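Here is what each chain is made of, one letter per residue.
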Amino acid sequence: MNGVTTSSPSSAASVDVVLPCLDEAAALPWVLARIPAGWRALVVDNGSSDGSADIARALGATVVHEPRRGFGAACHAGLTAATADVVCFCDCDASLDPGHLVPFVGDVLDGRADLVLGRRRARGRGAWPAHARAGNLALARLLRRRTGLRLHDLGPLRAARREPLLALGLSDRRSGYPLQMVVRAADAGWRITEHDVPYLPRAGTSKVTGTWRGTWQAVRDMSRVLAEPPADRRAVR
């Protein structure tokens, strides 16, 4: 463990960390070494062909298999497999340090927030390509128009309580899943806050934002989420 995984009330809490994984063998040792002591790592293997599941298991993680491809499918499989009171989400590509989730969990446990998101701050050349940054900025503006939330980032590092997350009824199983979580949480009146976190160059090639095409597909998925009616209107359809 590194310096950010020291003992604290939040690091001793019942916490599961969902790590969606597709061919992340090179990154897994770095990521899993940074899971705070006492927390459980749930590596959701989304059809890897590089031995990621075996590596994760050998390093002490609980492995969940989700054969249906899609970032949202992997995240939701992890959420439904979780049993802890608080569930965190973190990419499995070494771009984000799960140790930085400790204050997120502290905010949730102390009642300061219902959902805490990581506002990514790029560190290092190529950590956040221009096209991915532009897409994120556009979506943040659309989210503000849809919900009134003044968020700067829709990044994957986040924490919330498990049962309320399940009650949101998240249905997107592609790139729109993280945004749908925020939209439905806002509709439900959740307190949503941000913490700055370092964003590092990922190991390997991104499956979503590594290309303009991937970024465009992600933006299209998320645009569909933003077009959803609020919860009260969904219920009467």
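Refer to the structure above for everything that follows.
Residues numbered from 1 in each chain as written. Predicted model: local features only at pLDDT ≥ 70, side-chain atom pairs only at ≥ 80, totals over all residues. Heavy atoms only, no water.

A.B. asks: Kindly report on helix H4 (residues 102-109), identifying the contributing residues and their values.
C.D. replies: The element H4 is largely enclosed, with a buried count of 6 among its 8 residues. All of the buried residues along H4 are Val102, Phe104, Val105, Gly106, Asp107 and Val108. Check the buried side of H4 and you find it contacts strand E1 (15-21), strand E4 (86-89), strand E5 (115-122), strand E6 (158-161) and strand E7 (192-199). (Buried < 20%, exposed > 50% of the residue type's maximum accessible area, 1.4 Å probe, protein only. Helix = DSSP H or I, 4+ residues; strand = E, 2+ residues; numbered from the N terminus. Contact = heavy atoms within 4.5 Å.)

A.B. asks: Got a sec to walk through the pattern of salt bridges? Specific residues and values, please.
C.D. replies: Charged atoms that come close allow side chains of opposite charge to pair. Enumeration according to the criterion identifies 11 salt bridges in this entry. When the shortest N-O distance is used, the salt bridge between Asp16 and Arg40 registers 2.9 Å. Of this pair, Asp16 sits in strand E1 while Arg40 sits in strand E2 (residues 40-45), placing them 24 residues apart in sequence. The residue Arg146 makes a salt bridge to Asp187 at a minimum N-O spacing of 2.9 Å. Here Asp187 lies in helix H7 (residues 177-187) and Arg146 lies in helix H5 (residues 130-147), a separation of 41 residues in the sequence. (Salt bridge = Lys/Arg side-chain N within 4 Å of Asp/Glu carboxyl O.)

A.B. asks: Could you give an account of the sheet that holds E1, with specific residues and numbers?
C.D. replies: Sheet architecture is open: 7 strands sit in the order E3-E2-E1-E4-E6-E5-E7, paired in mixed fashion. Each having just a single partner strand, strand E3 (62-65) and E7 make up the two edges of the open sheet. The average undirected angle you get between the axes of adjacent strands in this sheet is 25 degrees. Relative to E6, E4 is paired through 4 bridges, and the arrangement is antiparallel. Across the sheet, Val86 pairs through a bridge with Arg161, a residue of E6. Contacts from helix H3 (residues 71-81) reach E1, E2, E3 and E4 within the one sheet, and its direction differs from that of E1 by about 155 degrees. Relative to E6, H4 is tilted by about 25 degrees, and along the sheet it contacts E1, E4, E5, E6 and E7. (Pairing = 2+ DSSP bridges. Axes fitted to C-alpha atoms, helices over the stretch in contact; angles between N-to-C directions.)

A.B. asks: Tell me about the side chain of Arg34, and please be specific about residues and values.
C.D. replies: Following the sequence through the fold, Arg34 ends up in the loop between helix H1 (28-32) and E2. We classify Arg34 as buried; its relative accessible area is 18%. Of note is the side chain of Arg34, whose polar atom sits 3.0 Å from the backbone oxygen of Trp30. (Polar contact = N/O pair within 3.5 Å; in protein donor to acceptor, adjacent residues only side chain to side chain.)

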